[in-house]
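Here are the chains, one letter per residue:
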Amino acid sequence: MNISKRESGISEILSTLLIVALTVILAVALYLYASGLYTSITSSKGTSSYLQMSVMSEQNDEYVFIVESGSIPSPFYIYLETPGGQNILNSYGVVLTTKPVQISADKGKITITIIDVNNDGRLDAGDVIIINYQNLGTSLYGYSFKIISGGMVSYTYTFSTNI
């Protein structure tokens, strides 16, 4: 009586192909991580995935931001949150045009003006955002300013000084 034993499993060729494919996938992921594609850009006072901005001036109840690098298309959303986390601004998708876009928050006590300097319909290098809170009666200390594009936060700034 000759009973042959059958072994089950995957072939040597298939297992080699799986190991090579896994190695290639890990190598690509490591390369993307090392080249900085998974990190965020950091500005002097905010973090960003798409934009690098800086505060050009802080005076007379007004903050002036300038976009240094990065680019996001219209429409995008702007949020202004109180220190308690309540959003006091509903921007409903800002679409940039050749004219400055002005948005009011907190019953007109805060105005945000966005100037698309190169008139390309995108928020990108050279564009200016002005936040004026002259009618608020207090500083923006503790407030957060966010720009959201494609469901992701593109820029965040927390006001940490009293003007």
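For the structure itself, look to the data block above.
Thresholds, definitions, all that
Residues numbered from 1 in each chain as written. Predicted model: local features only at pLDDT ≥ 70, side-chain atom pairs only at ≥ 80, totals over all residues. Heavy atoms only, no water. Helix = DSSP H or I, 4+ residues; strand = E, 2+ residues; numbered from the N terminus. Buried < 20%, exposed > 50% of the residue type's maximum accessible area, 1.4 Å probe, protein only. Contact = heavy atoms within 4.5 Å. Areas by Shrake-Rupley, 256 points an atom, 1.4 Å probe, with all protein chains shown as cover. Core = buried A, V, L, I, M, F, W, Y, C linked by side-chain atoms within 4.5 Å. Salt bridge = Lys/Arg side-chain N within 4 Å of Asp/Glu carboxyl O. Pairing = 2+ DSSP bridges. Polar contact = N/O pair within 3.5 Å; in protein donor to acceptor, adjacent residues only side chain to side chain. Expected span 1.5 Å × (residues − 1). Phe/Tyr/Trp six-rings, centres within 6.5 Å; stacked < 30°, edge-to-face > 60°.

**Notes on the overall build of the chain**
Here comes step 1: When helices and strands are counted, the chain shows one helix and 11 strands.
Here comes step 2: When the helices and strands of the chain are placed in sequence order, the string is α-β-β-β-β-β-β-β-β-β-β-β.
Here comes step 3: Burial statistics for the chain: of 163 residues in total, 33% are counted as buried.
Here comes step 4: A separation threshold of at least 6 residues defines the contact pool for the chain, and within that pool the share at least 24 residues apart is 45%.
Here comes step 5: Here the chain displays about 10,200 Å² of accessible surface, and carbon together with sulfur accounts for 55% of that area.

**Notes on the nonpolar core**
Here comes step 1: Phe65, Ile114, Phe145 and Ile147 are the most contacted members of the largest nonpolar core, which has 32 residues in total.
Here comes step 2: Taken together, the elements giving at least two residues each to this core come down to strand E3 (51–59), strand E4 (62–73), strand E5 (77–81), strand E6 (101–105), strand E7 (110–115), strand E9 (128–132), strand E10 (144–149) and strand E11 (152–158).
Here comes step 3: With four residues, E4 is the single largest residue contributor to this core.
Here comes step 4: Sequence-distant contacts of Ile114, defined by excluding residues within four places in its chain, comprise Phe76, Ile78, Val94, Leu96, Pro100, Val101, Ile103, Leu123, Val128 and Ile129.

**Some points on the pattern of salt bridges**
Here comes step 1: This model, assessed by the stated rule, comprises one salt bridge.
Here comes step 2: Lys146 serves as the salt-bridge partner of Glu81, at 3.5 Å between the closest nitrogen and oxygen. One end of the pair, Glu81, is in strand E5; the other, Lys146, is in strand E10, with 65 residues separating them in the sequence.
Here comes step 3: A relative accessible area of 18% means that Glu81 is categorised as buried.

**Section: the pairing of E6**
Here comes step 1: Alternating positions in E6 separate cleanly, Val101, Ile103 and Ala105 being buried on one face and Gln102 and Ser104 remaining unburied on the opposite face.
Here comes step 2: In this sheet, E7 lies alongside E6 in antiparallel orientation, the contact comprising five bridges. Paired with Ile103 across the two strands is Ile112, which belongs to E7.

**Notes on the side chain of Glu81**
Here comes step 1: In terms of polar contacts, Glu81 uses its side chain to reach the side chain of Lys146, at 3.5 Å.
Here comes step 2: In contact with Glu81, not counting residues within four places along its chain, are Gln86, Asn87, Tyr143, Ser144 and Lys146.

**Remarks on helix H1 (residues 12–34)**
Here comes step 1: Helix length check: H1 (23 residues) gives 33 Å between terminal C-alpha atoms against 33 Å at 1.5 Å per residue, within 8%.
Here comes step 2: Burial analysis of H1 places just zero of its 23 residues in the buried class, a small minority of the element.

**Observations regarding the environment of Met53**
Here comes step 1: Mapping Met53 onto the fold places it in strand E3.
Here comes step 2: For the pair Met53 and Tyr157, spaced 104 residues apart in the sequence, the C-alpha separation amounts to 9.3 Å.

**A word on the packing of aromatic side chains**
The description of an aromatic ring pair uses the distance of the two centres, along with the angle that the planes make with each other.
Here comes step 1: Under the criterion given, the structure shown has 10 aromatic pairs.
Here comes step 2: Arranged with centres 6.4 Å apart and planes meeting at 75 degrees, the rings of Phe65 and Phe159 form a pair that is edge-to-face. With Phe65 in strand E4 and Phe159 in the segment after E11, the pair connects residues that are 94 residues apart, well separated along the chain.
Here comes step 3: Look at Phe65 and you get buried, because its relative accessible area is 0%.

**Side note on the environment of Thr138**
Here comes step 1: One can find Thr138 in the loop between E9 and E10.
Here comes step 2: When its relative accessible area of 46% is taken as the criterion, Thr138 is described as partly exposed.
Here comes step 3: In sequence terms Thr138 and Asp61 are 77 residues apart; their C-alpha atoms lie 8.8 Å from each other.

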